[in-house]
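Structural features, examined
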Amino acid sequence: MKNKEIVVAGVMSGTSADGINVAFVRLSDRPRSGSRSASISVSAFRGQECPRHIELLGHVEYSYAKNVRAAVLGAMNASRASVADLAQLNFLLGELYADGVLAAQRKFSVKVDLVACHGQTLYHQGKAIPFLGRTLATTWQTGEAAIVAARVGVPVVSDFRPSDMAAGGKGAPLVPYLDYLLFRDASAARIVQNVGGIANLTSIPAHAAPSSVVAFDTGPGNMVIDAVTEKFFGQPFDHNGKIAASGKVLEPVVGKLLKREFFRKKPPKTAGREEFGREFVREFLRTCGRAKKQDIVATATALTGASIADAIRRFVLKDPTARNRPLCEMILSGGGAKNSTLVTMLAAELAPLGVRVRVSDEFGLPSSAKEAVAFALLGYQTWHRRPSNVPSATGAKRAAVLGKVSFP
Ligand SMILES: Nc1ncnc2c1ncn2[C@@H]1O[C@H](COP(=O)(O)OP(=O)(O)O)[C@@H](O)[C@H]1O
Ligand SMILES: [Mg+2]
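Let me sum up the structure you'll find in this document. Starting afresh in each chain, residues are numbered from 1 along the sequence in its written order. Note on labels: chains are lettered from A, ligands numbered from 1, in written order. Local features in this predicted model are restricted to residues whose pLDDT is 70 or higher, and side-chain atom pairs enter the listing and the counts only when it is 80 or higher, whereas totals over whole chains, interfaces and linings include all residues. Values shown for side chains rest on all heavy atoms present in the structure; no hydrogens or waters enter the calculation.

1. Focus: the site of ligand 1
If even one non-hydrogen atom of a residue comes within 4 Å of a molecule or strand, that residue is called near it. Neighbouring ligand 1 are 18 residues; Ser 16, Gly 197, Asp 226, Asn 240 and Gly 335 lie closest to it. Under the rule applied, a polar contact is a pair of N or O atoms within 3.5 Å (in protein, one hydrogen donor and one hydrogen acceptor; residues adjacent in sequence only if both atoms are side-chain atoms). One of the backbone nitrogen or oxygen atoms of Gly 14 is found 3.5 Å away from an oxygen atom of ligand 1. Between ligand 1 and the protein, one listed contact pairs an oxygen atom with a backbone N or O atom of Gly 335 at 2.9 Å. Burial of ligand 1 by the surrounding chains reaches 90%, relative to a free accessible area of 580 Å². In these tables, accessible area is a Shrake-Rupley quantity obtained with a 1.4 Å probe, and a residue counts as shielded only by the protein chains included in the view.

2. Things to note about the pattern of salt bridges
Whenever Lys or Arg places a side-chain nitrogen within 4 Å of a carboxyl oxygen from Asp or Glu, that contact is recorded as a salt bridge. Throughout the structure, instances matching the rule amount to 18 salt bridges. A salt bridge links Lys 404 to Asp 159; the nearest nitrogen and oxygen atoms lie 2.6 Å apart. One end of the pair, Lys 404, is in strand S14 (residues 404-406); the other, Asp 159, is in the loop between strand S8 (156-158) and helix H4 (161-166), with 245 residues separating them in the sequence. Only protein chains enter the accessibility calculation, which uses a 1.4 Å probe. A residue is then buried if its area is under 20% of the maximum for its type, exposed if over 50%, and partly exposed in between. Judged by relative accessible area, which is 44%, Lys 404 ranks as partly exposed. In this structure, Arg 260 and Glu 283 form a salt bridge, with 2.4 Å as the shortest nitrogen-oxygen distance. Of this pair, Arg 260 sits in the loop between helix H8 (251-257) and helix H9 (261-264) while Glu 283 sits in helix H11 (residues 278-288), and the two are 23 residues apart along the sequence. Residue class for Glu 283 comes out partly exposed when judged on its relative accessible area of 26%. Among the ionic contacts, a cluster of salt bridges with common partners joins Asp 185, Arg 190, Glu 329, Arg 356, Arg 358 and Glu 362. Runs of E in the DSSP output that reach at least two residues are strands. Runs of H or I that reach at least four are helices, and both are numbered from the N terminus.

Here is the structure:
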């Protein structure tokens, strides 16, 4: 498969624990024109070998069954999960990922050469902390790659994050590699913003070298919105932001929560359910008091929008009031890009900063497919024994070849 065009299935399941995204991506080291489907133009990653052709052949999303979602969320609750539960979940997810790839092969009538499977994060501690006399950064993604390899019949690259941590990084974020290849621009500064369970951004100054890429988690994405929508309306998420649109934002609540340490902390920084899960939602609800339930959903939505804008003001635009700044665009992706109330709130926060909001779909990359495409790219790099972390984004001391390979 070396130096040949190959089709990689990128498989992603994020912290929202909503399900599995599968993207089929054709990759090649040679630029290619005249392909049937929309091809995304790629700029070279300076000083490193990387694909020059990335073409999305198809993308599909499979929701977890209700009981599987409950098991996944339960497993993230470190104090309660049993070892037997975790071992079983590992193998079950392997089967479900394989089912997803096999179903997508039938749907798109395409056979893949390689699977790149992120796995389901159960725990992520990006910053090293003391443990039994050593200081360790740790992470854990589950979903048995040996099962995926056996069922699909092709090699599987999995477990991308530990390699970056072994090189001194935080193991996250890894998507900036794709962001840089696809969205670097000669004249516009770009902020590539993904709104999944957690929201994260990649800042790419105009005409930037890889070393000037900054990326970090800005705070909650859909996680708090989902939690309060489930609690008050019995729905897993606020479809198109309709509930939030019918409520009124409690501005003092947003102001108070933005004072928390996480939002003030300088990047690089990462967050997970540890920061914005159950405990945070409890505090959020306490701060909202006896407000109307639609106002609480509106406020959770505004908190996501305001925390993103706040992060941009503090850490991305060095001087937000400066005139004659080069054009700055936000490229939005993730499930949150479908929440139109959130997008409207975000655009209103960013307009005074001179940042224009666009969605990644405008660039030929469907917003919900982006992370799965990113892991297809990372898998491709690993298969060719090439690095794909962005050290300035993760804090790693060196470029690292990410992941492990399982053979069928
Ligand atoms: N039509 C929609 N309207 C509003 N929110 C949506 C919509 N579709 C998806 N979402 C939100 O996106 C989340 C999933 O986003 P995703 O990018 O898959 O996150 P993750 O990577 O954390 O799994 C859902 O939990 C939901 O909050
Ligand atoms: Mg998801």
